[in-house]
Amino acid sequence: MKLVSLLLALGLLAVLAKTLFFSFRAQDPADYAETGPAFSLKQHLSGELISEGLIFGPTGKMSTSFVARMVGEWDGDTGTLSESFTYSNGREQERKWFLTLGEGNSFTATADDIVGEAHGTLSGATVRLHYTIVLPEDAGGHTLNATDWLYLTADGVIMNKSEMRKYGIKVAELVATMRPASEAPE
C-alpha cells in the first residue's frame, strides 16, 4: 500500500512539474524579448480586424468556432477594441475592451464581462494578458481565469492562443487568427 501511495504521489508531482515548467502556462514574456517584429498595440490592434477561431472544451474536442469583426481605435495611450462575435451555433456576442498603456511594456484592459482589470505585457513579437472572465449564462455563466498569448507573425497576422481555467484545471482553449479586414480572404 505504501508503494502505491508513493507512486501516486510521484505521478501527481510529475503532472504538477509538467504544468508549471513545461507547458503553455510556463511561458514568460522574457522568453520572447528578442523576437520580432515588435508587437505594438496601437499599430496592430487598430482599424478593422477579422478574427477566426476555434474553442476547445475540457476534453480537447472542438466545441465551437467563431468569426469576429473587430475595430480598434486609439487616442494617445488609451484605446478601445470593439468585438462582434458570431459563433458556429448561431450565438452572437459583443465585447468592448478599454485598453490603457502603462509604464514600460505593460498595459491594463477592462470589459463588461471581465472581473476587475486584465493585466498585459508586451515583449518582442508577443503579448500576454491575464484576466478573469464571466461567461454568458447561455455558455454556463462560469467565472474562469484566462491567459491569452498573442504572437505577431512576420506577415502581420496575429496568432492567438488562450487557456481558460477553473480551480486551476484547464476547461477551455481558444486558437484564433487576427488580421486586418482588408487582408482577410473573401
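Preceding this paragraph is the structure being described.
None of these values were measured; they are calculated from a predicted model.

Just give me the short version of the overall build of the protein chain, but keep the residues and values in it.
Across its full length, the protein chain carries two helices and 10 strands. Ordered by position from the N terminus, the helices and strands of the protein chain form the series α-α-β-β-β-β-β-β-β-β-β-β. Counting over 186 residues, the protein chain shows a buried share of 37%.

Account for the pairing of strand β2 (residues 62–75), naming residues and giving values.
Summarising the sheet, strand β1 (residues 47–56) and β2 pair through 10 bridges and their orientation is antiparallel. Within the sheet, the bridge partner assigned to Ser-51 lies in β2 and is Ala-68. Where β1 folds back onto β2 in an antiparallel hairpin, the turn is made up of five residues, including Gly-60, whose phi is positive at roughly 90°. Turn length for the β2-strand β3 (residues 78–87) hairpin, with the two strands adjacent in sequence and antiparallel, is two residues, and the turn residue Gly-76 shows positive phi of about 65°.

Quick one: what's the story with the side chain of Ser-51, residue by residue and with numbers?
Looking at where Ser-51 falls in the secondary structure, it is placed in strand β1. With relative accessibility at 2%, the residue Ser-51 sits in the buried group. Of the polar contacts made by the side chain of Ser-51, one reaches the backbone oxygen of Thr-177; its length is 3.0 Å. Setting aside its immediate chain neighbours within four residues, Ser-51 contacts Phe-66, Val-67, Ala-68, Met-70, Ala-176, Thr-177 and Met-178.

Mind laying out the pattern of salt bridges, listing which residues take part and the relevant values?
Evaluation of the coordinates by the stated rule reveals eight salt bridges. Salt bridges linked by common partners bring Lys-161, Glu-163, Arg-165, Lys-170 and Glu-173 together as one network.

Go over the pairing of strand β6 (residues 114–123), please, and point to the residues and values.
Looking at chain direction, strand β5 (residues 106–110) and β6 are connected through four bridges and run antiparallel. If you follow Ser-106 over to β6, its bridge partner there is Thr-121. In textbook terms, the turn of a hairpin is the stretch between consecutive antiparallel strands, and for β5 and β6 this stretch comprises three residues. As paired elements, β6 and strand β7 (residues 126–134) share seven bridges and run antiparallel to each other. Across the sheet, the residue bridging to Gly-120 is Leu-129, located in β7. In this antiparallel pair of consecutive strands, β6 and β7, the connection spans two residues, and Gly-124 shows a positive phi of 60°.

So what's going on with the nonpolar core? Residues and values would help.
Membership of the largest hydrophobic core comes to 34 residues, with the highest contact counts inside it found for Phe-39, Phe-66, Trp-97 and Tyr-131. When near neighbours in sequence (up to four residues on either side) are disregarded, Phe-66 contacts Ser-51, Glu-52, Gly-53, Leu-54, Ile-55, Phe-85, Thr-86, Tyr-87, Leu-174 and Ala-176.

Any chance you could break down the sheet that holds β3 for me, citing the residues and the numbers?
Strands sit in the order β1-β2-β3-β4-β5-β6-β7-β8-β9-β10 around a closed barrel of 10 strands; the barrel is antiparallel. Strand after strand, the sheet turns through a mean of 25° between neighbouring axes, direction not considered.

Can you explain the environment of Ala-172? Please cite residues and give values.
Along the chain, the position of Ala-172 falls in strand β10 (residues 169–180). For Ala-172, a relative accessible area of 14% corresponds to the buried category. Each C-alpha atom of the pair Ala-172 and Lys-61 lies 9.6 Å from the other, and the pair is 111 residues apart in sequence. If near-sequence neighbours (up to four positions away) are discounted, Ala-172 is found in contact with Phe-56, Ser-162, Glu-163 and Met-164.

Report on unusual backbone geometry, specifying residues and quantitative values.
Residue Gly-36 is joined to Pro-37 through a cis peptide bond whose omega torsion reads 5°. Among the structural elements, Pro-37 can be located in the loop between α1 (2–21) and α2 (41–44). For Tyr-167, which is not glycine, the phi torsion reads 55° and is therefore positive. Mapped onto the elements of the fold, Tyr-167 is located in the loop between β9 (158–166) and β10.

Go over the packing of aromatic side chains, please, and point to the residues and values.
To describe a pair of aromatic rings, one takes the distance between the centres and the angle between the planes. Considering all chains together, one arrives at seven aromatic pairs under this definition. With 6.0 Å between their ring centres and 15° between their planes, Trp-149 and Tyr-151 make a pair best called stacked. Residue Tyr-151 is classed as partly exposed on the basis of its relative accessible area, which comes to 23%. Through a chain of ring-to-ring contacts, the aromatic side chains of Tyr-32, Trp-149 and Tyr-151 assemble into a single cluster.

What counts, and at which threshold
- Residues numbered from 1 in each chain as written.
- Predicted model: local features only at pLDDT ≥ 70, side-chain atom pairs only at ≥ 80, totals over all residues.
- Heavy atoms only, no water.
- Helix = DSSP H or I, 4+ residues; strand = E, 2+ residues; numbered from the N terminus.
- Buried < 20%, exposed > 50% of the residue type's maximum accessible area, 1.4 Å probe, protein only.
- Pairing = 2+ DSSP bridges.
- Polar contact = N/O pair within 3.5 Å; in protein donor to acceptor, adjacent residues only side chain to side chain.
- Contact = heavy atoms within 4.5 Å.
- Salt bridge = Lys/Arg side-chain N within 4 Å of Asp/Glu carboxyl O.
- Core = buried A, V, L, I, M, F, W, Y, C linked by side-chain atoms within 4.5 Å.
- Axes fitted to C-alpha atoms, helices over the stretch in contact; angles between N-to-C directions.
- Phe/Tyr/Trp six-rings, centres within 6.5 Å; stacked < 30°, edge-to-face > 60°.

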